Amino acid sequence: MSSFLQIVIASGLRQVFTYLAADNTPLPAIGCRVLVPFGRSQRVGLIVGHADTCDVDESKLKPIAEVLDEAPLLPDYLWHLGNWACDYYQHPKGDALLHLFPVRLRQGHNNQLISRFWRKQSTDVDLSRAPKQALIWQQLSQLPAGFGEGQLNHIGLAYKDIRPLLDKGILAPATPHEQSVNPQINQAPLSLNQEQEQVFTAINSADDFACHLLHGITGSGKTEVYLQLIQRCLSKGQRALILVPEIGLTHQLLERLQQRFHNRILALHSGLTEQQRLDAWQQASLGQADLILGTRSAVFTPIPKLGLIIIDEEHDQAFKQQEGFRYHGRDVAIKRAHTSNIPVLLGSATPSLESLANAQRGRYQHHHLRQRAGVANQERYEVIDLRQQPVQAGISARLHDIMQTQLGAGHQVLLMLNRRGFAPSLQCQSCGQTVACPACDASMTLHKHPTRLHCHHCDHRQPVAIHCPSCSAQQMRPLGSGTERIEEQLHIDFPDYPVYRIDRDSTRNKGSLEGLLEKVHQGQPGILIGTQMLAKGHHFPHVTASVIVDADSGLFCNDFRGPERLAQLIIQTAGRAGRTSLPGTAYIQTYQSEHPVITTLTQAGYRAFAEQELSYRQQAMLPPFGHLALFLVQARHEQQAYQLLGWLQHQLRSSAFGKLTQQLQHFGPMPAPMARRANQYRVQLQLQHASRQHLQTLCRHLCLLLEQHPDSKKLRWSLDIDPQDMG
Ligand code: ADP
Ligand code: ZN
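A few points about the site of ligand 1
Moving on, step 1. Surrounding ligand 1, one finds 17 residues, the nearest of these being Q196, G219, K222, T223 and R256.
Moving on, step 2. Here an oxygen atom of ligand 1 sits 2.5 Å away from a polar atom, N or O, in the side chain of T223.
Moving on, step 3. A distance of 3.2 Å is found between an oxygen atom of ligand 1 and a backbone nitrogen or oxygen belonging to E224.
Moving on, step 4. When the free accessible area of ligand 1 is taken as 560 Å², the share hidden by the protein chains comes to 74%.

Right, here's the structure in full:
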């Protein structure tokens, strides 16, 4: 009988630890959580294997302290998905697998149901003498006979409201069980136009795995197609998972889902408390919700009878986790659909070059929506050449005129600038120095409300310097413009119109974004200025002009994905304008009006841009043609990081790897684009390979080597497979 347990712990280590099973108790199953002694404390571990023998001295092994679960909490398909993901992304298993659980469970809380469930006992009740209770009973008619606390809260009621009904025995406590799924329609679906109908039929034609890429311009009715596919999925008795890149978009899509369906919808995002997350996770795993809508990590939600996965705005880099377990939510979702043998749909107006290439290679089915649905007009572009006119705080004379005209005609104007704060730096007019963050290789951003210098990389704050830290001259001036500065200028230039600034600073307080959006939606002429928050998914029916204030920052970025991101931002921003019968124009301010990214995009569109960019990528063997992996070492002393990565590179050059290194290129060790952050030097080694498999194997060897190197225990190192952000 096996009596050794192989256990992983969230410790940052790749090692699997061996513990002794407790005597006289049944052996806990693989996948169960346990508490184990670890160093001087106890930690939560996961059982990943059983063994009869063990190659260390048995007397040195410790028994586990406690078995936390009677049976594994993750269903098989998630256990496999989690194992696949930590294998593919080469993340330490304990950290990766425990990442699949809500934080409360990671911490060792028990999984007893915390949410309460009730059942209606009678349909024939006389509450004529208790009008308040009668009202509540009537509200409950919206819910099925058995319902949970989440559903109760969803219709605006709380436990205290139903207490009297429980006391009367009209309601009784119940245990939840999986309920059958059926579409419950609130609002009739729109009748699809011809393009939508074709896409819908094609996607709907099979229930097996297929990856569909839906490339539809903004406003072309992608969401309507999603809703109708979801309805089909529900009518087959199956559930749907919908992923969006960020919390702001969950609210919008949730509204559309609720308008259409009366079904139980769970929204999972970072705005929930840990307890709410646990509740939601439990409800989902019990089949208490039919539709699950969430951000990246929702891809790991247990959902019985899952029939469809939709990934909206699939190009968005927020799907990639940038710290710790660096998985790509879209790619994991595709893997999930594949193993569950169900269709997955990626939607975007600006698909990622990776997805477009997969469609071209026939791996994904490619669908198009080329026309705007309903009455909306197609957007037009105008490039504003900044070399030919005066510019005041980021606003050119031409733009000023355009705004005057549009506002005068009663419309709204939207300005997009991806830099919050007043100015990206504060510069000395005498010696030219800018104020740098003491802990990072970056300049401090000047903020005016409240007035201070702020490092956006490490959060360091300091008072605004009056004297230059270098030459002591008293001539400090803001350099460049952020959203606050443009806002200030707009108040001066257009005193008769309201200006709404929408960025992380102005929307920090709960409800403030909703408040601002509500004012915008009233439709009075006015100006919106904001960061990319504004470019994502929002619907601004009164905007007739959308403006990219500074396209050049995207053109001259040292990440090879810079042009792709800029193109996506331009198209997405343009998509905010002209969403109704009013024609919309997108304006692009640049000093580089002849740049091929700008000209191709505005004259020939996103597809043409993508073709052009893909051919550059192919020449350079960059993704999606070659594959990347990035080793990053962070250290207090730069030299240590260089030494470790230099040693790693030396291993690569040795002949030990044979054929694996034949098509490998490696760059570095070199400073990461942000060479020092929060007092840590950041050095990287980039690997680029024509074969994904060979790169995987190489990285696996390198991780093992690194783990054995004595310095790797003193320094922080990480590996990013398919990096989205080059450091
Ligand atoms: P997308 O998700 O591609 O941006 P939406 O699904 O939000 O597009 O549709 C844009 C607008 O067009 C919405 O107001 C929507 O109600 C409307 N719409 C979509 N499909 C149709 C249709 N078949 N008939 C009429 N209006 C439609
Ligand atoms: Zn800093």
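Structural notes on the coordination of the zinc ion (ligand 2)
Moving on, step 1. Within the protein, C437 (SG), C440 (SG), C455 (SG) and C458 (SG) serve as the donor atoms for the zinc ion (ligand 2), at 2.3 Å.
Moving on, step 2. Taken together, the four donor atoms coordinating the zinc ion (ligand 2) span angles of 107 to 112° at the metal, a pattern that classifies the geometry as tetrahedral.
Moving on, step 3. Along the chain, the residues donating to the zinc ion (ligand 2) are arranged with the sequence spacing C-x2-C-x14-C-x2-C. Residue C437 shares its accessibility class with C440, and that shared class is buried.

Brief notes about the nonpolar core
Moving on, step 1. Of all hydrophobic cores here, the largest spans 97 residues; its most connected members are F300, I309, F631 and L687.
Moving on, step 2. Those residues in contact with L687, other than ones at most four positions away along the chain, are H627, L628, A629, F631, L652, L664, Q665, H666, L695, C699 and L702.

Focus: the pairing of strand β4 (residues 41-51)
Moving on, step 1. Where strand β1 (residues 4-9) meets β4, six bridges bridge the pair, whose relative direction is antiparallel. In the sheet register, V8 faces β4, and the bridge partner there is L46.
Moving on, step 2. Bridge count for strand β3 (residues 33-38) against β4 is six bridges, and the pairing is antiparallel. Looking at the pairing, F38 lines up with S41 of β4.
Moving on, step 3. Two successive antiparallel strands, β3 and β4, enclose a turn made up of two residues, where G39 displays a positive phi of approximately 60°.

Definitions and limits used
Residues numbered from 1 in each chain as written. Chains lettered and ligands numbered in written order. Predicted model: local features only at pLDDT ≥ 70, side-chain atom pairs only at ≥ 80, totals over all residues. Heavy atoms only, no water. Near = heavy atom within 4 Å. Polar contact = N/O pair within 3.5 Å; in protein donor to acceptor, adjacent residues only side chain to side chain. Areas by Shrake-Rupley, 256 points an atom, 1.4 Å probe, with all protein chains shown as cover. Donors = N, O, S within 2.8 Å, 3.2 Å for Na, K, Ca; no water. Tetrahedral: all angles 85-135°; square planar, octahedral: opposite > 155°, others 65-115°. Buried < 20%, exposed > 50% of the residue type's maximum accessible area, 1.4 Å probe, protein only. Core = buried A, V, L, I, M, F, W, Y, C linked by side-chain atoms within 4.5 Å. Contact = heavy atoms within 4.5 Å. Pairing = 2+ DSSP bridges. Helix = DSSP H or I, 4+ residues; strand = E, 2+ residues; numbered from the N terminus.

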